[in-house]
Every structure is written in C-alpha cells, then in structure tokens.
Amino acid sequence: MTDASELRRRTQELLAAHPPASTGRTAFLEARFDAGLAWVHYPAGLGGLDAPRSLQAVVDAELAAAGAPDNDPRRIGIGLGMAAPTILAYGTEEQKRRFLRPLWVGQEVWCQLFSEPGAGSDLAALGTRAVRDGDTWVVNGQKVWTSSAHVARWAILIARTDPDVPKHRGITYFLCDMTDPGVEVRPLRQITGEAEFNEVFLTDVRIPDAHRLGEVGDGWKVAQTTLNNERVAIGGARIPREGGMIGSVSRTWRERPELRTHDLHQRLLDLWVDAEVARMTGERLRQQLVAGQPGPEGSGMKLAFARLNQEISGLEVELLGEEGLLYGDWTMRRPELVDFTGRDAGYRYLRSKGNSIEGGTSEVLLNIVAERVLGLPPEPRNDKDVAWKDLAR
C-alpha cells in the first residue's frame, strides 16, 4: 500500500459509507481506524495499512476537505505521541488490539507516570517500587508533573522491580489503570494559576502482569522509545510559518506600531529567523521519521522549542510595556489539554518557563545531544555499576 491514488480511493469510500455530516464523531473515527486510515504507517488491523508515513498527509487532506472530524490530537497527545508508539514496539498482540483503537479514537485518555520528586532530572534513579505477587504487581510510590492525570483512563508507568542491580537495569514498564484502587491524583497548581499538572500517589496498586510492557527489568529500554517520541512530539510538531509563539509577537508588532523601537526590531528579527530555522529543521526531522524511529535528534528540537518559547514570550512582554505586566485570569482550573501559546502575553510568558523542564530538562537534553548526536566523550558517572539500593539519597 504505497500508492497515493489508492489511499485517496479508500478515503473517498470511507466518506461515502460514513458521511461526516450525518455520522456521529466517535462512529466516524472508529470507522476511519478500522479502514486503516488512522495512522497509515501502522500495521493493517491496527489502524494502518503498512504504508509509508509520508502518505498520511494524503489522507488528512482528503478528510479535511470533506469536513471530517479529527480525534482532537491536543487532548490525547500523550496517548498518540508516547503511549501508542511504545505499545506498538513492545506490546503483545492482545495489548495492541486492546489499547490502540480506543486510544486513537480518543475514548481513553493517557498520562505518563515517569517523573518523581526524589529522582529529579535523573529519571533512572526513580524509587517507585513494584513487587510481584503471583500474576499481579503491587506498586507503591509517588509520581509528579503528570499532565492530564485528572482526566486519564490509563497511564504508562515505570517502576523499580529489582533494587539490587544498577539503576538502569532494575526498572519495568507497565500500563496502569488510573481508576484502580490506590491511585490518587492531586492537582499541582502552577505559576500560571492552573493545575494542568498533577501529583499521583500509588498505594498498593495492583497491576496485572498482562499489563506489563516488555520484559521484566527492560523498562529503561522500553522507556527510551517513549522519551524519544515525546521529545519529537513536543519540539517537532508541524506548524506553519509564523505559527506558535513567534506568530503572537509578530502580530503585536504589526498591529501596534507605537510600541516599536529599533532594539526590539532587531531582537524580533533574530528570533523570527531562529523560529523559521527550527520550523524547517522540524520538517527535515519528520522526513527522517518516514524511514525509521525517532532518534536523539529529537532532543535538539525540544531544546530549541524551550529556548525559543522563553525568549520570544519575554520579548512580547517587553514589547507590550506596562500592558505586559497585566495577567488576565488567575482562576484555578484543571484544563484537559496543554496550551503553550494560549490566552494573553502574561500567560505565555509564565507557561513557557515549564518548557525547559517538561519532556526532559534542557540540561539533560544537552548531554544527550553532546554524547549521542555529536559523539563527544560522556560525562564521568560513578554510579553506573552500583546497585540502586546502595546509591546515596
């Protein structure tokens, strides 16, 4: 299935059998998945047709022209960008068929239980424990900075199953039911006033071994698939020219000539060029993905995304002068999706502060780029061969 005309034909057959104007949103999305037009590069029977990833644009264009609904990718971004590719790579056939369809349709929202307050940027030092009890695992611990946990049905979870081996080797990857007894979600209010993130406490949560992803002790390897996809999803999203943060400040510049100064003009030009370079680099990265899985290059895109958002939003606040000090609404909300560029300039400035932390801190990503992309010598690490239980904490 590599022919664009054949994909157009299949898309038109879908539209004829399920007219968007008279078909319910969920029913249409389910039919699209079953027709293999959800993500065409996925295997047949799992929402795809084993077609090249590049041909997804053909299907999307046909459906957009017909006014067909999408699956609200911003709301289910963690499932689409992180859980799905990991399940596809490491899941059993039963797991793939159970989880991928409701995930893509948006019937089940996913969250990510990776970060911990005691591990910080060193994810491999995580301390949440999973102890086997027959055909189940009993999990205890705390996770933090969990986007969408308050609306999620499922979570991707990594926990320590063997404390007697070095930290990278004693981790196992699970799929956790967020409605199970012992899962407690608490809002984590941010500098923006919202509680988009959450703390998640796990107390004697029982996870069936059937919901383990990959082999016992191979969780770090499985998690790398998740993390590589996460960084591409955050930093490599497709945007038009002057999309994202640079679009907001560019509109303000054009619409408010009284705010302009020579110095601000030069800084805006520099950032506009940087944003365009990042956008085109993202296009190149997505073309590379057609031929394989995400690699460490996604860390570079995530780095650029964080730096640009923070510098551009800072320039916008400065451009607005006194108006930039205003903040529209401090109401405590628990939004269902991440909005990096929404609301007013003050919100964008404050929200961007999290961009260099979420999805991997910029400091960690710099190390990844240095070692895995540029091939520089790794930093000395004296804990690689030390059992996790013997590490200083």
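Notes on the structure in this doc start here. (Residues numbered from 1 in each chain as written. Predicted model: local features only at pLDDT ≥ 70, side-chain atom pairs only at ≥ 80, totals over all residues. Heavy atoms only, no water.)

As for the overall build of the protein
Working step 1: Of regular secondary structure, the protein possesses 11 helices and eight strands.
Working step 2: Against the 2.2 N^0.38 benchmark of 21 Å for 393 residues, the protein shows a C-alpha radius of gyration of 22 Å, consistent with a compact globule.
Working step 3: In terms of principal-axis extent, the alpha carbons of the protein reach across some 70 × 60 × 45 Å.
Working step 4: Per-residue burial over the protein gives 50% buried out of 393 residues.
Working step 5: For the protein, contacts bridging at least 24 residues in sequence account for 71% of all contacts bridging at least 6. (Helix = DSSP H or I, 4+ residues; strand = E, 2+ residues; numbered from the N terminus. Rg over C-alpha atoms; globule rule 2.2 N^0.38 Å. Buried < 20%, exposed > 50% of the residue type's maximum accessible area, 1.4 Å probe, protein only. Contact = heavy atoms within 4.5 Å.)

Points about the packing of helix H1 (residues 4–17) against helix H3 (residues 56–65)
Working step 1: Contact geometry of H1 with H3 gives a least axis separation of 9 Å together with a crossing angle of 35 degrees. As H1 packs across H3, the resulting crossing turns out to be right-handed. Contacts between H1 and H3 pair Ala4, Leu7, Arg8, Thr11, Gln12, Leu14 and Leu15 from the former with Val58, Val59, Glu62 and Leu63 from the latter.
Working step 2: Across the contact of H1 with H3, the residue classes break down as seven nonpolar, two polar and two charged. (Axes fitted to C-alpha atoms, helices over the stretch in contact; angles between N-to-C directions. Left-handed = near helix turned anticlockwise from the far one by under 90°. Nonpolar A, V, L, I, M, F, W, Y, C, P; charged D, E, K, R; others polar.)

Section: the packing of aromatic side chains
Working step 1: Counting across every chain of the model gives 10 aromatic pairs.
Working step 2: Here a set of aromatic residues connected by ring pairs shows up, and it is made of Phe33, Trp39, Tyr42 and Trp104. (Phe/Tyr/Trp six-rings, centres within 6.5 Å; stacked < 30°, edge-to-face > 60°.)

Describing the pattern of salt bridges
Working step 1: What the rule picks out here adds up to 36 salt bridges.
Working step 2: One salt bridge connects Lys167 with Asp122, and the closest N-O pair in it is separated by 2.7 Å. With a gap of 45 residues between them, Lys167 in the loop between strand E4 (154–160) and strand E5 (171–177) and Asp122 in the loop between strand E1 (110–113) and strand E2 (129–133) connect regions that are remote in the sequence.
Working step 3: Arg348 is paired through a salt bridge with Glu316; the nearest N and O atoms lie 2.8 Å apart. Placement of Arg348 in helix H10 (residues 345–351) and of Glu316 in helix H9 (residues 297–320) is noted, with a sequence separation of 32 residues between them. Per residue, the accessibility class of Arg348 equals that of Glu316, and both read buried.
Working step 4: Several salt bridges share partner residues, and in doing so they unite Glu6, Arg9, Arg10 and Glu13 into one network. (Salt bridge = Lys/Arg side-chain N within 4 Å of Asp/Glu carboxyl O.)

Digging into the nonpolar core
Working step 1: Ranked by size, the top nonpolar core spans 33 residues in total, and within it Trp39, Trp110 and Tyr173 carry the most contacts.
Working step 2: Considering every element that reaches this core, the biggest residue donor is helix H4 (residues 77–90), with six residues.
Working step 3: Once residues within four sequence positions are removed from consideration, Trp110 is found in contact with Ile78, Gly79, Ala83, Ile87, Phe99, Leu103, Ser148, Ala152, Trp154, Ala155, Ile156 and Leu175.
Working step 4: Core analysis: the next-biggest nonpolar cluster, separate from the first, contains 18 residues, Leu157, Ala159, Phe174 and Val205 among them. (Core = buried A, V, L, I, M, F, W, Y, C linked by side-chain atoms within 4.5 Å.)

Brief notes about a nonpolar patch on the surface
Working step 1: A contiguous nonpolar surface patch, about 260 Å² in accessible area, is contributed by Val273, Val277 and Met280.
Working step 2: By the element assignment, Val277 lies in helix H8 (residues 262–289).
Working step 3: By relative accessible area, Val277 is classed as partly exposed at 43%. (Patch = residues over 30% accessible without salt bridge, like charges linked within 9 Å, V, L, I, M, F, W, Y side chains within 5 Å. Areas by Shrake-Rupley, 256 points an atom, 1.4 Å probe, with all protein chains shown as cover.)

Considerations on H3
Working step 1: For H3, the set of buried residues is Gln56, Val58, Val59 and Leu63. Here the buried residues of H3 occupy an arc of 165 degrees about the axis, which is enough to place them on one side. In H3, those exposed residues whose orientation departs by more than 90 degrees from the buried face are Ala57, Ala64 and Ala65.
Working step 2: Of the surrounding elements, those touching the buried residues of H3 are H1 and helix H2 (25–34).
Working step 3: Phi turns positive, to about 75 degrees, at Gly67, one or two residues after H3. (Arc of directions from axis to C-beta.)

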